[in-house]
Amino acid sequence: MTPPTLSLSRRRFTTALFLLPLGTALGSLAGGVAKATSTSAANLPAGAVPTIWDLTDLFPTPMAWDAEAEALKALIPSLAPPEGGLDDAATLLATLNRHDAVSLRTLRLQVYAFLKTSEDIRVADHAQRAARANALAAQLNQAMAWRDRAILDLGKRRVMAMLPLDSKLERYRYPLASIFRRAPHTLDARGEALLASAQAVLAAPQRTRQTLLSSDIVFPELELPDGKLRLDLEGYSTAMGTAARADRARAYDLFSTTLHGYERTLGDVLGAEVSGNAFLSKARGYPSSLSASLDATNTPRAVYDTLLHEVKARMPLHHRYLEAKRRLLGVDRLAIWDINAPAVSLDRQWTLAQARETTLRAVAPLGPEYVGEFAANTMKRWADTLPREGKREGGFVVGQAYAHPYVLLNYRGNFDSLSTYAHEWGHAMHSWLARAQPHPLFDFPTFVAEIPSKLNELLLLEHLAAQADTRQEKLFYLDRFCEQYRGTLFIQALFADFELAINTAAEQGAPPSGPQMSDIYGKLLTEYYGPKIQLHPHSKIMWARVVHFFMDFYVYQYATCLTAATAMLDTLHREGKPARERYLDLLRAGHSDDAYQLIAKAGVDLATPEPYRRALDRFEQAVAEYESLV
């Protein structure tokens, strides 16, 4: 996935060309920041894959970071409006370039602090540096917040007439057009400055949630045959993949009961998040938080509605698959703690080097150039791969540093780790290829970002299934393939339903409490899973483990991106090179157009039922094959 806290969940409406609170690429003013190096694995044994990233590509020392923070703070007075306004092309270009450069430098500061925090969230110095970076970013954004209103005041015709006067302005055509598109929701300079200054405060719920779940909540331990497992977020996910049903049931009970003990607190934190969404939406004159979120990328509302409609129309298919899984597991009643576990065991491990080689072979259909760059990049010190106590959970890619992406994994050698490896490096390669664009057009939104990660996962499953020697191994990969669609189409749609419900309540002036959120979630669990699935008394609290609810209608994009990836992979198999080039052009396009339009140019219209039906049909084919092997 994309970084869980880097965006601070406020990417839904950024009127400025570059002033994303923590979400655009970065560079430097002349002499401001040393250029990134392509650090290799030269100091490692031959064939060894690096396991620790090298943050000196961003800053050589913490002292250099401190110096850059002070230098950026000193630039604030220079970001004021020019005396003569933005009345000519030269002044407009100089202002855009100056603000872009400052935004790039600011983001590099934030990326470094975020990555250091991710190494060990318990270290106070890292957290303080991140808070300092975020506060400085808010000050700089506030100092530059006047610009978009000044551009709007010039008028679209006048601004667009300036572009042919200087070829260097052309890179700003799409961002400028986006400013004019969002003009009805742009405040005056004072209002924009006020909202910019509120970003750090509005990001507080996400930080509070992270602190609670990463350090303050005391999670229980589960005794397993190979030792004790701490049931934090990472440990819980691991436990749900274990083969022993009794261990899964015990882990689910311990974990959900622990979360239930914090139901009101966690509800207050998420309630504050959705109240912040409602505040920003109302401040900008949107009818809803969802409308504001979709408008940030000019995504049609039909995309969200069509996804939910098409998934709900095929709910019996979901229940059919779960029944087949019940039969394969040989249980009288399928329980919710059974669903994520492989129905077939696979006693196989992959070293990190094997994961790299396997993924390289799997992505071969994307062509020799892609594979060659993938091979080279995965041997550079761009990734922190191994789990340890205090490290941020899960996996993510931070591509916004522009020079090269950074990848965080918690690699354990099992199939899930292998799949995550392919997923996150799909993100990383997207960031790498998007560098074909100048910086203002680089930082692609989530709506397109999950396509390469999902396509990599599908390619991996196809490759492994084709190499499988036994019925058991084939059934394992088929089970994982079905789980890909179940978990991404049906469950992400469930999450999208939940997110819409709690945000709607907040917009009506009554954000739900923790117990009320649990009631909403519990009803959706029954609808999506069906009445035959055994739930736990505390299953309703499991919304609390989903970090994406703090990321502004993020989850539905997993489903739309899997849908698009399915369609693109199908055409790749049928057409070969032409389809491959359309796909790679999508990755190289960065954010040079609306993400919805870029995907449509690649051949998939996500506002129509057709691609969802294709994806669900593909799932049904897999379910039928699954049933035949049960």
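Residues numbered from 1 in each chain as written. Predicted model: local features only at pLDDT ≥ 70, side-chain atom pairs only at ≥ 80, totals over all residues. Heavy atoms only, no water.

> Help me understand the overall build of the protein chain in this model?
Along its length, the protein chain carries 25 helices and five strands. Since a compact globule built from 630 residues should have a radius of gyration of about 25 Å, the 24 Å found for the protein chain is in line with a globular shape. When burial is assessed residue by residue, the protein chain has 60% of its 630 residues classed as buried. Contacts spanning at least 24 positions in sequence make up 80% of the contacts within the protein chain whose residues lie at least 6 apart. Charge-centre separation for the protein chain: the mean point of 69 positive side chains lies 1 Å from the mean point of 70 negative side chains. (Helix = DSSP H or I, 4+ residues; strand = E, 2+ residues; numbered from the N terminus. Rg over C-alpha atoms; globule rule 2.2 N^0.38 Å. Buried < 20%, exposed > 50% of the residue type's maximum accessible area, 1.4 Å probe, protein only. Contact = heavy atoms within 4.5 Å. Lys, Arg positive; Asp, Glu negative; His and termini not counted. Charge placed at Lys NZ, Arg CZ, Asp CG, Glu CD.)

> Which parts of the structure should I look at to understand the packing of aromatic side chains?
The relative placement of two aromatic rings is captured by the distance of their centres and the angle of their planes. For the structure on display, the rule yields 30 aromatic pairs. Centroid distance Phe219 to Phe255: 5.8 Å. Interplanar angle 10 degrees. Geometry classified as stacked. Pair noted here: Phe219 is in the loop between α9 (204–216) and β1 (221–224) and Phe255 is in helix α11 (residues 245–260), with a separation of 36 residues, a long-range link. For the residue pair Phe219 and Phe255, the accessibility class agrees, reading buried in each case. Arranged with centres 6.2 Å apart and planes meeting at 45 degrees, the rings of Tyr370 and Phe374 form a pair that is tilted. Taken as a pair, Tyr370 and Phe374 lie in helix α17 (residues 368–377) at a separation of four residues, close to a single helical turn. (Phe/Tyr/Trp six-rings, centres within 6.5 Å; stacked < 30°, edge-to-face > 60°.)

> Explanation requested: the side chain of His185 in the structure shown.
As for its position among the elements, His185 is in the loop between α6 (173–181) and α7 (189–197). A distance of 2.8 Å separates a polar side-chain atom of His185 from the backbone oxygen of Arg284. (Polar contact = N/O pair within 3.5 Å; in protein donor to acceptor, adjacent residues only side chain to side chain.)

> Sorry, what's going on with the nonpolar core here?
In a soluble, globular protein the nonpolar side chains are often hidden away together inside. Within the largest apolar cluster, 145 residues are counted, with the highest numbers of intra-cluster contacts made by Ile451, Trp543, Met568 and Ile599. Of the residues forming this core, the biggest block, 17 residues, is contributed by helix α20 (residues 471–507). Ignoring anything within four residues of it in the chain, the contact list for Ile599 reads Phe447, Val448, Ile451, Ala564, Met568, Leu586, Val604 and Leu606. Formed by 27 residues, the second largest nonpolar core is a distinct cluster that contains Trp53, Phe114, Ala133 and Ala401. (Core = buried A, V, L, I, M, F, W, Y, C linked by side-chain atoms within 4.5 Å.)

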